[in-house]
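Spelled out from the first residue to the last, the chains are:
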Amino acid sequence: MTANLLIGLREGLEASLVVGLLVAALVRAGRRDALPAVAAGVALAVLASIGLGAVLELTSRDMTFRQQELFGGSLSIVSVGLVTWMVLWMRRVARDLRTDLGARVDAALTLGPLAVGVVALLAVGREGLETALFLWAAARATGSSAGPLAGAAVGLALAVVLGYLVYRGALRLDLRRFFTWSGAALVVVAGGVLAYGVHDLQEAGVLPGLTTLAFDVSAAVPPASWYGALLKGTVGFTPATTVLQAVAWVLYVVPMLLVVLRPAGTRRTQPALQDAPAA
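Figured I'd write up the structure that's included with this text. (Residues numbered from 1 in each chain as written. Predicted model: local features only at pLDDT ≥ 70, side-chain atom pairs only at ≥ 80, totals over all residues. Heavy atoms only, no water.)

### Points about the overall build of the protein
Along the protein, the regular secondary structure elements total 10 helices and 2 strands. The order of helices and strands in the protein, counted from the N terminus, is α-α-α-α-α-α-α-β-α-β-α-α. Buried residues in the protein amount to 45% of all 279 residues. Restricting the contact set of the protein to residue pairs at least 6 apart, pairs at least 24 apart contribute 85%. Working note: accessible area of the protein is about 13,500 Å², and carbon and sulfur atoms make up 69% of it. (Helix = DSSP H or I, 4+ residues; strand = E, 2+ residues; numbered from the N terminus. Buried < 20%, exposed > 50% of the residue type's maximum accessible area, 1.4 Å probe, protein only. Contact = heavy atoms within 4.5 Å. Areas by Shrake-Rupley, 256 points an atom, 1.4 Å probe, with all protein chains shown as cover.)

The structure is reproduced here in structure tokens:
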């Protein structure tokens, strides 16, 4: 649940900031008449994200065991790739996000409110579809759906509140630090999903080494214990881990943490997002 709360909070806050920047750009341009189009675009993006999650769940139910493992493992790896791209993208473009969105809105306004709604749909939809896919993969890795969905819902609710407070100027977050440390935590979660995806592909017979274990601490960390469930739900830890799983986790998590936690340099990235309400 904790890992999914983090996913919902991080992804939801990014989407909330994007919406806030879009609204600020429209207000600055004196085009409040286009705000309903933004709301419609956001609503469609949310519905599309929920629809993707439902399709993934329904599709996997009618498969054989091998098909489920192949399907789940492949999508787990794809979701890790999308989350990795998102973390690196936010690190690279956060400084110019307000300028980039402002240019898109200015161009869309020349075509009418419908074009502005499309900008909102694409901007929020990308975050939503990534979140739906990653949440599905994370829920499958934990073997439960109620807890992960509840955690994601809480994270999204917090994100909406924080995004609104930032937009209204009632709250000033150190967004650079938030996205750095939440990105690092998300990398660890993604590493667990990647390891689980590798295990799925091993069970499907696509990858070798299913019986070659790097370690087995099931006696010390029983999977049914509360701390075993906590470790599995937060970082995707499994007491019996294959060598290939362990290698995949290390080769992904260690380099990614070095990149995410590396100082961004002397250029300030925070004000571009933090000062959006002032626009």
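Now that the structure has been shown, we can carry on.
### What to know about the nonpolar core
With 29 residues, the main nonpolar core has I7, V80, F134, L186 and Y252 as its most contacted residues. Elements supplying a minimum of two residues to this core: α1 (2-28), α3 (65-93), α5 (113-142), α7 (175-203) and α9 (243-260). With 8 residues, the top contributor of residues to this core is α7. The contact partners of I7, leaving out residues within four places of it in the chain, are G12, T131, F134, L135, A138, L186 and V189. Grouped together as the second largest cluster of nonpolar side chains are 12 residues, V18, A108, A120 and A123 included. (Core = buried A, V, L, I, M, F, W, Y, C linked by side-chain atoms within 4.5 Å.)

### Digging into helix α2 (residues 35-61)
Its 27 residues give α2 an end-to-end C-alpha distance of 40 Å, which sits within 8% of 39 Å, the value for a rise of 1.5 Å per residue. When we look at burial in α2, the residues that qualify are A37, V38, G41, A45, S49, L56 and S60. (Expected span 1.5 Å × (residues − 1).)

### Focus: the packing of aromatic side chains
For the structure on display, the rule yields 2 aromatic pairs. Arranged with centres 5.7 Å apart and planes meeting at 70°, the rings of F71 and W136 form a pair that is edge-to-face. With a gap of 65 residues between them, F71 in helix α3 and W136 in helix α5 connect regions that are remote in the sequence. Classification of F71 by relative accessible area gives partly exposed; the value is 21%. For W136, a relative accessible area of 8% puts it in the buried group. A ring pair is formed by F215 and F237, whose centres lie 6.1 Å apart and whose planes are at 10°; its orientation type is stacked. With a gap of 22 residues between them, F215 in strand β1 (residues 213-216) and F237 in the loop between α8 (226-235) and β2 (240-242) connect regions that are remote in the sequence. What makes F215 partly exposed here is its relative accessible area of 31%. (Phe/Tyr/Trp six-rings, centres within 6.5 Å; stacked < 30°, edge-to-face > 60°.)

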